[in-house]
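Structural description and commentary
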Amino acid sequence: MVFPAVMPAHRPFDWSALRSGAPLDSRAVPLASAALAWLVAAGFMAALAWACLVRGPWYDEFYTWHVTRPDRGFWESLRGSWLADNHPPLYYALTWPLRQLGGTIEVHRLASLGVTAAALAAGWALLHGQPRLWLTGAVFLLVLAGHEGALRAGSELRSYFLSYAACAVLVLALVAGWLEQGLPRRGQRIALWLALGVAFNTHIVTSLIAGALVLPFLLAAWLRGNRPLACTLALPALAAGSALLATSAVQVPRWNRQTAQFWIPAGFDAARWSFEYAARRTLVANWTVTLAGAAGALAMLVRAVRQRRLEPRAEAALLLIAGTVLAAAILLGLHTLRPIVIERYLIGLVPALAMLLALALAALAERLPPRMTVLLLVLAAVNAAGSVTESAHRAAARQSWSGTAALIARVQRACPATAVHIDPDHWNSWTMSFPPADNRPAFFAAYALMAQRGGFTLEPLEPLASRRIAADCPTLFWAEHDTLRSFDPARITAHLSAQGFALDGVWQYRIDHGWVASNRPLDSALTAN
């Protein structure tokens, strides 16, 4: 099937063909692909905005909030905090100017809408005028939008969604460049440059993934004799890599020191499970695409065996597989030296897996009547809409500090003399024991911020830590980010008694990864929510 480079304006598509049973015009598939992709993209952005505003904040967001605080200058923040982190400083550098505008964590999360819009614009720049790639691009988008990690990452003030979007644009550029044997338009090259620049300099694991994905395409283009495509890929990769090396020259010594004892689980099995979960979540993101993609992969294999050659789509898939395997090998190897792999760090690999499904479905669609392909697209879009809705609710329900803060606020409103004590140096000592040093002030700032938001008062820690026990109201002890569930009532009571609190025991109320302990049982009406 051959598509014109530019759709002729004087021949509008006859949409009635979809209803009447008449033979479909060859443009039905690309136009339906574009329409459904934009509809799902709009739904995704609406769900993303809702999740950003509804979801409660968690510790990693407080860390971002602390190191990008507007009362400290850009260069001071770069030297003192961003370069001291374990990842390139680009995300913090982009967040810092937005912090100057004020607003809450929830409002600043909405920057993910801008990231989404930029990724969509880049995708349009890459595929505009190439309608034969619209089906692949649309299916790619449907899988990415429905992936559980997309809304989870997009609805938090961390760098993972930026990694996700950058790698999505990068993968689309690589595949479009291979299938069309080049990226001749300026918009295509700008999209590639931006994608590589962001992917190489946002998160160290994403940097390695992006480099591993580019390398097979670059080498294959060079060996195939397509020097223009090889140069198109090599120049932005070298520029982005040079920026990464410049920051790495400062950061590598710190990485070595800071990851010598690290919170990420070590060992091959821990890393293997992270890869397996990332693959599983991609496969279940859109069952319609996964099942159709399996059939399409089989069709590509059969054609390759019969014709004893690979079609360009199969070549692109094999190059993606090579890049994915290379990335996994590098990361697993590094993980044996320094633990660096957890599932959310692998979000940059998801677009490669999603594109494999999209290429496979496109191979199947080539063998189907247009009517069947459009129907398959509609089913995939409905599947994506359901996945987006479910993912939005899961993202909004993820653990946060809001539950414990809301409980304390209710108790203090019911009895204003309630005393509320925090002790981050003890309750959060495990997390604080890991670098960077900003972990410690970030915890104190997080407790203070949530108390301010909840409208309740904390007992003073300076100049002398308060040991006040409320006479006629509860006395509460608040701890968050107890991810290991290290403290039970007995341990809490023992520590507080050693600190000079007059206590016989405590009642502990766990909410997500945090807890509130009280020297007297709390009214069930206060704890019910």
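Structure report, in brief. (Residues numbered from 1 in each chain as written. Predicted model: local features only at pLDDT ≥ 70, side-chain atom pairs only at ≥ 80, totals over all residues. Heavy atoms only, no water.)

1. Overview of the overall build of the protein
Along the backbone of the protein there are 24 helices and four strands. Its C-alpha radius of gyration of 26 Å places the protein within 12% of the 24 Å reference for a compact globule of 529 residues. When its C-alpha atoms are laid out on the principal axes, the protein stretches across 85 × 55 × 45 Å. Each of the 529 residues in the protein was classed as buried or not, and the buried ones make up 55%. In the protein, of all internal contacts separated by at least 6 residues, the share reaching a separation of at least 24 is 80%. Put simply, the protein shows about 22800 Å² of open surface, and 65% of that area lies on carbon and sulfur atoms. (Helix = DSSP H or I, 4+ residues; strand = E, 2+ residues; numbered from the N terminus. Rg over C-alpha atoms; globule rule 2.2 N^0.38 Å. Buried < 20%, exposed > 50% of the residue type's maximum accessible area, 1.4 Å probe, protein only. Contact = heavy atoms within 4.5 Å. Areas by Shrake-Rupley, 256 points an atom, 1.4 Å probe, with all protein chains shown as cover.)

2. What about the sheet that holds strand E4 (residues 514-518)?
A sheet is described by the order of its strands in space; here four strands give the open sequence E1-E2-E4-E3, paired in mixed fashion. In this open sheet, the two edge strands, each paired with only one partner strand, are strand E1 (419-422) and strand E3 (507-511). Strand after strand, the sheet turns through a mean of 25 degrees between neighbouring axes, direction not considered. Strand direction decides the pairing type here: E3 and E4, joined by five bridges, are antiparallel. From the neighbouring strand, Ile511 faces E4, where its bridge partner is Gly514. (Pairing = 2+ DSSP bridges. Axes fitted to C-alpha atoms, helices over the stretch in contact; angles between N-to-C directions.)

3. Topic: the environment of Ala28
Relative to the helices and strands, Ala28 is located in helix H2 (residues 28-54). Linking Ala28 and Arg440, residues 412 residues apart in sequence, is a C-alpha distance of 58 Å.

4. Things to note about the state of the cysteines
Should the sulfur atoms of two cysteines be covalently bonded, the bond is a disulfide. Applying the stated criterion across every chain yields a total of one disulfide. The side chain of Cys415 participates in a disulfide bridge whose partner is Cys473; the two sulfur atoms lie 1.6 Å from each other. Its torsion about the S-S bond being -70 degrees, the disulfide of Cys415 and Cys473 is classed as left-handed. Taken together, the positions of Cys415 in the loop between helix H19 (402-414) and E1 and Cys473 in the loop between helix H22 (439-454) and strand E2 (475-479) put the pair 58 residues apart, joining distant regions of the chain. Of the residues examined, Cys415 reaches a relative accessible area of 18% and is grouped as buried. Cys167 takes part in no disulfide bond, and the closest cysteine sulfur, belonging to Cys52, lies 20 Å away. (Disulfide = S-S within 2.5 Å.)

5. A short note on the layout of surface pockets
Here the largest pocket defines a volume of roughly 620 Å³. For the largest pocket, the lining is made up of 25 residues, of which Tyr59, Asp60, Trp263, Arg344 and His481 are closest to its centre. Among the elements that make up the lining of the largest pocket, the one with the highest residue count is helix H3 (residues 59-67) (three residues). Among the residues making up the lining of the largest pocket, the classes are represented as 12 nonpolar, eight polar and five charged. (1 Å grid on protein atoms, 1.4 Å probe; cavity = no way out; pocket = protein on both sides within 12 Å on 5 of 7 lines; lining within 4 Å. Points joined across faces, edges and corners; volume = space filled by probe spheres on them. Nonpolar A, V, L, I, M, F, W, Y, C, P; charged D, E, K, R; others polar.)

6. With respect to the packing of helix H12 (residues 204-223) against helix H16 (residues 312-337)
The interhelical angle for the contact between H12 and H16, taken along N-to-C directions, is 140 degrees, at an axis separation of 8 Å. In terms of orientation, H12 lies oblique with respect to H16. Relative to H16, H12 is oriented so that their crossing is right-handed. Facing H12, whose interface residues are Val205, Leu208, Ile209, Ala212, Leu213, Leu215, Pro216, Phe217 and Ala220, H16 presents Ala316, Leu319, Leu320, Ala322, Gly323, Thr324, Leu326, Ala327, Ile330, Leu331 and Leu334. When grouped by side-chain class, the residues that make up the contact of H12 with H16 number 18 nonpolar, two polar and no charged. (Parallel < 35°, antiparallel > 145°, perpendicular 65-115°, else oblique. Left-handed = near helix turned anticlockwise from the far one by under 90°.)

7. A short note on the pattern of salt bridges
The full count for this structure, using the stated rule, is 23 salt bridges. Close ionic contact of Arg394 with Glu148 constitutes a salt bridge, the shortest N to O distance being 3.2 Å. Of this pair, Arg394 sits in helix H18 (residues 370-396) while Glu148 sits in helix H9 (residues 148-154), placing them 246 residues apart in sequence. For Arg394, a relative accessible area of 42% puts it in the partly exposed group. (Salt bridge = Lys/Arg side-chain N within 4 Å of Asp/Glu carboxyl O.)

8. Re empty space enclosed by the protein
Tallied over the full model, the rule gives three cavities of 30 Å³ or more. Looking at the largest cavity, its volume works out to about 530 Å³. Taken together, 27 residues make up the lining of the largest cavity; nearest its centre are Ala119, Leu120, Gly123, Gly137 and Leu141. Mapped onto the lining of the largest cavity, the elements with two or more residues apiece are H2, helix H7 (111-127), helix H8 (134-146) and helix H10 (160-179). Considered class by class, the residues forming the lining of the largest cavity number 23 nonpolar, four polar and no charged. What the second largest cavity holds in volume is close to 100 Å³. If you go around the second largest cavity, the residues you meet are Asp85, His87, Pro88, Tyr91, Tyr92, Arg158, Ser159, Tyr160, Thr202 and His203. Split into classes, the residues belonging to the lining of the second largest cavity amount to four nonpolar, four polar and two charged.

9. Regarding the packing of aromatic side chains
As enumerated under the stated definition, the model contains 23 aromatic pairs in all. Here the aromatic rings of Phe161 and Tyr164 are separated by 6.3 Å at their centres, their planes lie at 35 degrees, and the arrangement is tilted. Of this pair, Phe161 and Tyr164 both sit in helix H10, three residues apart, roughly one helical turn. The pair formed by Phe161 and Tyr164 is uniform in burial state, with each residue classed as buried. Chaining the aromatic ring pairs together yields one cluster made of Tyr59, Phe62, Trp401, Phe443, Tyr447, Phe456 and Trp478. In this structure, Arg99 is placed above the aromatic ring of Trp65, and the distance from its NZ or CZ to the ring centre is 3.5 Å. Here the guanidinium or amino end of Arg227 rests over the ring plane of Trp222, the centre of that ring lying 3.9 Å away. (Phe/Tyr/Trp six-rings, centres within 6.5 Å; stacked < 30°, edge-to-face > 60°. Lys NZ or Arg CZ within 6 Å of the ring centre and 35° of its normal.)

10. With respect to the pairing of E1
Neither face of E1 is exposed, since Ala419 and His421 on one face and Val420 and Ile422 on the opposite face are all buried. Sheet topology note: the E1/E2 ladder contains four bridges and is parallel. The residue of E2 that forms the bridge with Ile422 is Trp478.

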